[in-house]
Amino acid sequence: GENVEQHPSTLSVQEGDSAVIKCTYSDSASNYFPWYKQELGKRPQLIIDIRSNVGEKKDQRIAVTLNKTAKHFSLHITETQPEDSAVYFCAAFLNTDKLIFGTGTRLQVFP
Amino acid sequence: DAGITQSPRHKVTETGTPVTLRCHQTENHRYMYWYRQDPGHGLRLIHYSYGVKDTDKGEVSDGYSVSRSKTEDFLLTLESATSSQTSVYFCAISDPAGGEQFFGPGTRLTVL
């Protein structure tokens, strides 16, 4: 079946450094790729998304890149801050009205 | 946060008992989803709805049923709860389907 693989499962960085999380998807028909951030005990919230007709999208310190040929997309966080510490989920939208989520990356930013 | 609530927020029950979780939205979104979240598995889709009385299965639907009799309510039922269904359950809404999903606050269910 369709799946989304996400790596790494944990990531520790020093404040000010960059963090990169990578995902691959299996369904070549996927056309929407959101990223969610979930703080401890809270609900997931969308931080950025990209559609298949775009290769890169930026929003301040956050960027997402998409390689449709290789079927992978990545989240880039620059100048990390302690408040960036959370679990991040990638997802791929199937043409059957469903989102398939990756298994999550726990990011820790040390001051 | 989008107008989406879940009830109850916490529940402890015993194996074999029926359990119903409720998701309520005030956004008039067409699509509603039920996920479960477990360590190491991320968010897995249980069932979803694409309109009143229109539902379909997700990847982990065994042991669960759903109903949607009104646009604003989506119910998830565990007919006979098992310990493997101990989890955090999230409801989400979206419109259109291929757009941002807004999540509810979650329900922590413990089956003893």
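Given the structure is predicted, the values throughout are model-derived calculations rather than measurements.

Criteria and thresholds
- Residues numbered from 1 in each chain as written.
- Chains lettered and ligands numbered in written order.
- Predicted model: local features only at pLDDT ≥ 70, side-chain atom pairs only at ≥ 80, totals over all residues.
- Heavy atoms only, no water.
- Contact = heavy atoms within 4.5 Å.
- Buried area = accessible area lost by both parts, 1.4 Å probe.
- Salt bridge = Lys/Arg side-chain N within 4 Å of Asp/Glu carboxyl O.
- Helix = DSSP H or I, 4+ residues; strand = E, 2+ residues; numbered from the N terminus.
- Nonpolar A, V, L, I, M, F, W, Y, C, P; charged D, E, K, R; others polar.
- Phe/Tyr/Trp six-rings, centres within 6.5 Å; stacked < 30°, edge-to-face > 60°.
- Buried < 20%, exposed > 50% of the residue type's maximum accessible area, 1.4 Å probe, protein only.
- Core = buried A, V, L, I, M, F, W, Y, C linked by side-chain atoms within 4.5 Å.
- pLDDT = per-residue confidence, 0-100.
- Disulfide = S-S within 2.5 Å.

Draft legend 1. Up close: the interface of chain B and chain A. Contacts between the two partners involve 23 residues from chain B and, on the opposite side, 19 residues from chain A. Of the roughly 1700 Å² buried at the junction of chain B and chain A (both faces included), carbon and sulfur atoms supply 53%. The tally of links between chain B and chain A comes to 0 salt bridges. Those elements that provide at least two residues to the side of chain B that touches chain A are strand S4 (31-38) and strand S5 (42-51) of chain B. Broken down by class, the residue content of the side of chain B that touches chain A amounts to 11 nonpolar, 8 polar and 4 charged.

Draft legend 2. Spotlight on the packing of aromatic side chains. Tallied over the entire structure, the rule returns 14 aromatic pairs over all chains. Measuring from ring centre to ring centre gives 4.8 Å for Tyr25(A) and Phe33(A), while their planes differ by 45°; the resulting arrangement is tilted. Each member of the pair Tyr25(A) and Phe33(A) is classed as buried. Ring geometry for Tyr33(B) against Tyr48(B): centres 5.9 Å apart, planes inclined by 20°, an arrangement best described as stacked. Of this pair, Tyr33(B) sits in strand S4 while Tyr48(B) is found in strand S5, placing the two residues 15 residues apart along the sequence.

Draft legend 3. Main features of the nonpolar core. Ranked by internal contacts, the top residues of the largest apolar core, which has 25 residues, are Trp35(A), Phe73(A), Leu75(A) and Leu107(A). Looking at this core, the elements with two or more residues in it are strand S2 (10-14), strand S3 (19-25), strand S4 (32-38), strand S5 (45-51), strand S7 (62-67), strand S8 (72-77), strand S9 (86-93) and strand S11 (105-110) of chain A.

Draft legend 4. Expanded view of the confidence of the model for chain A. Per-residue pLDDT for chain A has a mean of 94; in total, 99% of the residues score no lower than 70. Mean pLDDT across the secondary structure elements of chain A bottoms out at strand S10 (residues 99-101) of chain A, with 93, and peaks at S2(A), with 98.

Draft legend 5. View of the pattern of salt bridges. Residue and element names in this part refer to chain B. Inspection of the entire model under this criterion finds 7 salt bridges over all chains. With its nearest N and O atoms 3.1 Å apart, the salt bridge here joins aspartate 73 to arginine 22. Of this pair, aspartate 73 sits in strand S8 (residues 73-78) while arginine 22 is found in strand S3 (residues 19-25), placing the two residues 51 residues apart along the sequence. You can call aspartate 73 buried: its relative accessible area is 8%. Residue classification places arginine 22 among the partly exposed positions, given a relative accessible area of 35%. Aspartate 38 is the partner of arginine 44 in a salt bridge, and the nearest nitrogen-oxygen pair spans 2.9 Å. Comparing arginine 44 with aspartate 38, the two get one shared label, buried. If you follow the salt bridges from partner to partner, you end up with Arg22, Lys70 and Asp73 in one network.

Draft legend 6. Focus on the environment of Leu109(B). Residues and elements named next belong to chain B. Considering the arrangement of structural elements, one finds leucine 109 in strand S11 (residues 107-111). Leucine 109 gets classed as buried once you look at its relative accessible area, which sits at 1%. Considered as a pair, leucine 109 and serine 87 are 22 residues apart in the sequence and their alpha carbons are 5.6 Å apart. Apart from residues no more than four positions distant in its own chain, leucine 109 is found in contact with Lys11, Thr13, Val19, Leu78, Gln85, Thr86, Ser87 and Tyr89.

Draft legend 7. Structural view of the state of the cysteines. This structure, assessed with the given rule, holds 2 disulfides over all chains. Across the disulfide, Cys23(A) is cross-linked to Cys90(A) (sulfur-sulfur distance 2.0 Å). Classification of the bridge connecting Cys23(A) and Cys90(A) rests on its S-S torsion, roughly -100°, and on that basis the disulfide is left-handed. Note that Cys23(A) is positioned in strand S3 and Cys90(A) in strand S9, a separation of 67 residues in sequence. In terms of burial, Cys23(A) and Cys90(A) fall into one category: buried. With a sulfur-sulfur separation of 1.9 Å, Cys23(B) is cross-linked through a disulfide to Cys91(B). Judged by the torsion about the S-S bond (-70°), the Cys23(B)/Cys91(B) disulfide is left-handed. Of this pair, Cys23(B) sits in strand S3 while Cys91(B) sits in strand S9 (residues 87-94), placing them 68 residues apart in sequence.

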